[in-house]
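Here's the letter readout for the chains.
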Amino acid sequence: MLLPPIWQRWFLKTLQTSNLPPLVYDLDMPALTNLVKEWGEPAFRAKQIWQGLYKNIWTQPEDFSNLPKSLREKMSANLRFNVLSPTLKLDSTDGQTRKTLFKLPDGRQIEAVLMRYERRRTLCISTQVGCAMGCTFCATGQMGFSRHLSSGEIVAQVMYYARLLQEEDDVVTNVVLMGMGEPFHNYDNTMQAIDRLNDADGYNFGARRFTISTSGLVPAIRQFADEKRQVNLAVSLHAAEDAKRVSMMPINKRYNIEELIAACREYVQKTGRRITFEWALIHEVNDSPEEARKLAALLRGLLCHVNAIPLNPTTGYSGQPTTKERAAAFKAALEESGIPCTIRMRRGIDIQAGCGQLASRVD
Ligand code: SAH
Ligand code: SF4
């Protein structure tokens, strides 16, 4: 009996992914050491592989010229290196922003963006395929949720761009977890990815150079505060009243503004670290001086900063970006009330690489 095409595809995908060897970036050092021992190799080989991967940014077993051929063959047979196949690369007209669409082994796709600004090389990477939070103004939210990314699939995005920059004698300076997905909905994999990239014997990417952005998953903010990580935290707020925020961000039905700000205050108290609040300025929705004053009242006394960015257009949302004048008035009203605010430049809009514009079709 011939299966209908949709089942055939499902069957193929299952076949493709179920018996695959482990992805090398999914392994932490103890797991890699165990594997190498299982192959009958001494433990120090694991360290050599780790350093090759994360210090030299080697991406294929053939690159490991310091290892015996027999070990390289074992690596090829028992580990997966290629997980992200770049299927589309787009450069913004100013040449400063590069967006890459990657295909995963199960056929699903994610995007990650490199932004060059003065000396900064900031990567915006994804933590999920799609997103379950359904924010109305966000292209990722509009596509719905497909699945979480593994820690290795998150790490692989950084290593892909690290390699690309290495070829230009350049390095990644910042990583923001602001691509597709809600990082706190995929908490463990996201933190494991950060830990792996942070490892001093490996890529050694400083915790303070990561920023996690969340739509406001209160229990995860509490957990994050308790872990006292040095990673920066950004919270997407976008409205200062529940009714308005619910209409933009369904998560607000679960955790309302009062609970969210209480968790943010706890975070600042526990860590002494400043929070960034994200605010997409939408014309005549949330960009008035009055709205700014409401926001200032909400944030009074909290060690924070507001990052406001004119809304980026997405196909599924009819709201319009704010104007320059309205943005300036919003900033002025906030600052008069004692809350520092930056109006962020929109970047990579011509290639749909701006905040909230990342999406991919699910095959
Ligand atoms: N899920 C996380 C991180 C990914 S979204 C979060 O929501 O915080 C990264 C940022 O882009 C968030 O601040 C989000 O609110 C914002 N964003 C989403 N859609 C946008 C749009 N159309 N224009 C501007 N910013 C947008
Ligand atoms: Fe998800 Fe963030 Fe987009 Fe909301 S803004 S749908 S949480 S990716």
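Up top you'll find the structure we're talking about.
Residues numbered from 1 in each chain as written. Chains lettered and ligands numbered in written order. Predicted model: local features only at pLDDT ≥ 70, side-chain atom pairs only at ≥ 80, totals over all residues. Heavy atoms only, no water.

A. Highlighting the overall build of the protein. Helix and strand content of the protein: 13 helices and 12 strands. Taken over C-alpha atoms, the radius of gyration comes to 22 Å for the protein, in line with the 21 Å a tight globule of 363 residues would show. Taken along its principal axes, the extent of the C-alpha atoms in the protein is 70 × 55 × 40 Å. Put simply, the protein has 363 residues, and 52% of those count as buried. Long-range contacts, defined as pairs at least 24 residues apart, comprise 67% of the intrachain contacts of the protein with a sequence gap of at least 6. Across the protein, 45 positive and 39 negative side-chain charges occur, with their mean positions spaced 1 Å apart. (Helix = DSSP H or I, 4+ residues; strand = E, 2+ residues; numbered from the N terminus. Rg over C-alpha atoms; globule rule 2.2 N^0.38 Å. Buried < 20%, exposed > 50% of the residue type's maximum accessible area, 1.4 Å probe, protein only. Contact = heavy atoms within 4.5 Å. Lys, Arg positive; Asp, Glu negative; His and termini not counted. Charge placed at Lys NZ, Arg CZ, Asp CG, Glu CD.)

B. Representation of the site of ligand 1 in the model. Around ligand 1, the surrounding shell holds 18 residues, and the nearest of these are Phe137, Ser213, Ser236, His238 and Asn312. In this structure, an oxygen atom belonging to ligand 1 sits 2.6 Å away from a side-chain N or O atom of serine 213. Threonine 214 is positioned such that a nitrogen or oxygen atom in its backbone is 3.5 Å from an oxygen atom of ligand 1. Put simply, the parts of the chain that give the shell around ligand 1 at least two residues each are β8 (210-214) and β10 (275-281). In the shell around ligand 1, the residues fall into 6 nonpolar, 10 polar and 2 charged. (Near = heavy atom within 4 Å. Polar contact = N/O pair within 3.5 Å; in protein donor to acceptor, adjacent residues only side chain to side chain. Nonpolar A, V, L, I, M, F, W, Y, C, P; charged D, E, K, R; others polar.)

C. Spotlight on the packing of aromatic side chains. This structure, assessed with the given rule, holds 13 aromatic pairs. Relative to phenylalanine 210, the ring of phenylalanine 205 lies with its centre 5.2 Å away and its plane at 75 degrees, an arrangement referred to as edge-to-face. When sorted by exposure, phenylalanine 205 lands in the same class as phenylalanine 210, which is buried. Look at phenylalanine 224 and tyrosine 267: their rings are 5.9 Å apart centre to centre, the planes differ by 10 degrees, and that puts the pair in the stacked class. (Phe/Tyr/Trp six-rings, centres within 6.5 Å; stacked < 30°, edge-to-face > 60°.)

D. Structural context of the packing of helix α8 (residues 218-227) against helix α11 (residues 257-271). Following both chains from N to C, one finds α8 and α11 inclined at 5 degrees, their axes separated by 9 Å at the closest point. With respect to their mutual orientation, α8 and α11 come out roughly parallel. On α11, the residues that touch Val218, Ile221, Arg222, Phe224, Ala225 and Asp226 of α8 are Glu259, Leu260, Ala263, Glu266, Tyr267, Lys270 and Thr271. Split into classes, the residues belonging to the contact of α8 with α11 amount to 7 nonpolar, 1 polar and 5 charged. (Axes fitted to C-alpha atoms, helices over the stretch in contact; angles between N-to-C directions. Parallel < 35°, antiparallel > 145°, perpendicular 65-115°, else oblique.)

E. Representation of the site of ligand 2 within the structure. Around ligand 2, the structure places Cys131, Met133, Gly134, Cys135, Cys138, Gly141, Gly181, Glu182 and Ser215. Residue composition of the shell around ligand 2, by class: 4 nonpolar, 4 polar and 1 charged.

F. Spotlight on the sheet that holds strand β9 (residues 232-236). With respect to topology, 10 strands assemble into an open sheet ordered β1-β2-β3-β4-β7-β8-β9-β10-β11-β12, the strand pairing being mixed. On the outer flanks of this sheet lie β1 (85-91) and β12 (341-343), each paired with one strand and no other. Within the sheet, the average angular offset between the axes of one strand and its neighbour, ignoring direction, is 20 degrees. The pairing of β9 with β10 spans 4 bridges and is classified as parallel. Bridge pairing in β10 links valine 235 to phenylalanine 277. In the packing of helix α7 (residues 187-198) onto the sheet, the strands contacted are β7 (174-177) and β8, and the crossing angle to β8 comes to about 170 degrees. (Pairing = 2+ DSSP bridges.)

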